[in-house]
Protein chains: 2
Amino acid sequence: MSSANSLAVEDLGSAAQRDRRKRILDATIALASQGGFDAVQMRAVAERADVALGTLYRYFPSKIHLLVSALQREFERTEVALRDKPVEGDTTADRVINVLKRTTRGMQSDPKLTEALTRAFMFADASVAAEIHQVGMLLTSMLTRAMYPEGHEVTEDDVQIARVIGDVWLSALVGWVTGRTNAVETGQQIEVAVKLLLRD
Amino acid sequence: MSSANSLAVEDLGSAAQRDRRKRILDATIALASQGGFDAVQMRAVAERADVALGTLYRYFPSKIHLLVSALQREFERTEVALRDKPVEGDTTADRVINVLKRTTRGMQSDPKLTEALTRAFMFADASVAAEIHQVGMLLTSMLTRAMYPEGHEVTEDDVQIARVIGDVWLSALVGWVTGRTNAVETGQQIEVAVKLLLRD
DNA sequence: CCGCAAAGTGGAACGTGTTCCTATTTTAGC
DNA sequence: GCTAAAATAGGAACACGTTCCACTTTGCGG
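Bear in mind that the values here come from a model prediction, so they are computed numbers and not experimental data.

1. With respect to the UniProt feature "DNA-binding region" (unreviewed entry) in chain A
Then, number 1: Sequence positions flagged by UniProt for "DNA-binding region" (unreviewed entry) are, in local numbering, residues 41-60 of chain A.
Then, number 2: As annotated, residues 41-60 of chain A comprises 75% helix and 0% strand, and the C-alpha atoms at either end are separated by 13 Å.

Structure (structure tokens):
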């Protein structure tokens, strides 16, 4: 189970190792941001991160692991940023829509990067389940936090609704990434779904 | 726009060409069914379809196009089968759930094939937009037909709801394909979403 | 400080998707 | 039926993800 996973930050003992990991993810983001999924080439990442190819594979066992881990780091940063700026909006639906639109806008401001991360996420197979699960939990918790003001209890139903919304958001993102929908339509799609799901 | 698309059946003049196309898609399905996405290797498909590699690429410009076109053909067959057997169920939600569960069961009976087709669908980039769009339309129309008995007018709102349901179904399928959820959970996920979305 | 196990380096090598090129076969128009 | 164009065959070649190996460096327990 754990043999094929990416090395998480907590697993890394020395500062040099944490730094290597950071350099690798930075290089990944930079290349993705510039040329999308195809531009994230393992040799290029290794070179840019000043790391041997074998080392890169020691930290991240595949290109997909690498990109999903990069997504995870970005998402964690987004979540921290959200914690600082509590969500505005009077109703549950409004707050959720605001969170999603803010996040979506952020991603749309760097289309190539979003394309790379989204496609990696969707292409991931069972070996990336652990990393994918992490991202899914982050997304769900971002949404449930938006649904309720501080301290409110979150029921199992709420989690299910959040998951459904997360699913729709992902599908909308995929549609946008693949050029089937534009930014406006993506926003509408999310709004429709949230309003339908949170109309109480 | 059209330069990079797969050759559709309508584009093919001669019977020999239609037959080649069919052989290629048959080979694709067979290989996918047996070994999943990775087993669908272009050389293997070409050999099994008794076609040169160059010819394969002339019919389908990439592995993704090939698999998405195979998905499209399978989906069209599913839709035809559904037309014959009208959906049972008293409420809108029941009918939609039945259609989706029936389709999902069909896919789960051939996990490798489903894995191959689903991953191709999710990995597709902008160059496959046309084929993807076709599949999306098929799915939406399957759902709207399930929502209403014959002849009822379908509003824009209905289409939007159908799209949201389709999104959730796809995400659920991806979760199942990647081993994050099992068959039961997948069914529940769909049921939850449909009940939330069609509760009027 | 030594010695050794773990981690990292540099690069060759392999598999599979994709491209390309040259013959050969099929098709269509006359 | 003949010929030019299009389609197909057969296969070499290339790109990039991935694996592997021999060597060097790092870090740590004694």
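Further notes follow.
2. Thoughts on the relation of the copies chain B and chain A
Then, number 1: By a simple turn and slide, chain B fits onto chain A: the slide is 0.0 Å along the axis, the RMSD is 0.1 Å, and the turn is 179°. The transformation just described matches what one would write down for a two-fold rotation axis.
Then, number 2: When the interface residues of chain B are mapped onto chain A, 96% of them are again interface residues, pointing to one common binding face.

3. Here's the deal with the interface of chain B and chain A
Then, number 1: Chain B puts 25 residues into the contact, and the matching count from chain A is 24 residues.
Then, number 2: For the chain B and chain A pair, buried surface summed over both sides reaches about 2600 Å², with 65% attributable to carbon and sulfur atoms.
Then, number 3: When the buried area of chain B at its contact with chain A is split by residue, Arg119(B), Met122(B) and Phe123(B) rank highest and sum to 22% of it.
Then, number 4: In this assembly, chain B and chain A are joined by zero salt bridges.
Then, number 5: Our count for the chain B to chain A interface comes out at eight residue pairs in polar contact (both at pLDDT 80 or more).
Then, number 6: For the side of chain B that touches chain A, the secondary structure elements donating two or more residues are helix H6 (111-123), helix H7 (129-147), helix H8 (156-177) and helix H9 (183-197) of chain B.
Then, number 7: For the side of chain B that touches chain A, the leading source of residues is H8(B), giving seven residues.
Then, number 8: Grouping the constituent residues of the side of chain B that touches chain A by class yields 15 nonpolar, five polar and five charged.

4. Some remarks on the packing of aromatic side chains
Then, number 1: Counting across every chain of the model gives five aromatic pairs over all chains.
Then, number 2: Ring centres of Phe75(A) and Trp169(A) lie 6.3 Å apart, and the angle between their planes is 55°; on these two criteria the pair is classed as tilted. Here Trp169(A) lies in helix H8 (residues 156-177) and Phe75(A) lies in helix H4 (residues 63-84), a separation of 94 residues in the sequence. Take Phe75(A) and Trp169(A): they sit in the same class, and that class is buried.
Then, number 3: Taken together through their ring pairs, the aromatic side chains of Phe37(A), Phe123(A), Phe37(B) and Phe123(B) make up a single cluster.
Then, number 4: In this structure, Lys63(A) is placed above the aromatic ring of Phe37(A), and the distance from its NZ or CZ to the ring centre is 4.1 Å.
Then, number 5: Above the ring of Phe123(B), the side-chain terminus of Arg119(A) is found at 4.4 Å from the ring centroid.

5. A look at H8(B)
An α-helical turn contains 3.6 residues, so a residue and the one three or four places further along point in the same direction.
All names here are of chain B.
Then, number 1: With 22 residues, H8 should reach 32 Å at 1.5 Å per residue; the first-to-last C-alpha distance of 31 Å fits that figure.
Then, number 2: Taking burial as the measure, the 22 residues of H8 include 17 buried ones, the bulk of the element.
Then, number 3: Of the residues trailing H8, Gly179 is marked for its positive phi of about 75°.

Cut-offs used in this document
Residues numbered from 1 in each chain as written. Chains lettered and ligands numbered in written order. Predicted model: local features only at pLDDT ≥ 70, side-chain atom pairs only at ≥ 80, totals over all residues. Heavy atoms only, no water. UniProt positions renumbered as here; feature names shortened; annotations may be inferred. Helix = DSSP H or I, 4+ residues; strand = E, 2+ residues; numbered from the N terminus. Least-squares fit on C-alpha atoms with pLDDT ≥ 70 in both. Contact = heavy atoms within 4.5 Å. Buried area = accessible area lost by both parts, 1.4 Å probe. Salt bridge = Lys/Arg side-chain N within 4 Å of Asp/Glu carboxyl O. Polar contact = N/O pair within 3.5 Å; in protein donor to acceptor, adjacent residues only side chain to side chain. Nonpolar A, V, L, I, M, F, W, Y, C, P; charged D, E, K, R; others polar. Phe/Tyr/Trp six-rings, centres within 6.5 Å; stacked < 30°, edge-to-face > 60°. Buried < 20%, exposed > 50% of the residue type's maximum accessible area, 1.4 Å probe, protein only. Lys NZ or Arg CZ within 6 Å of the ring centre and 35° of its normal. Expected span 1.5 Å × (residues − 1).

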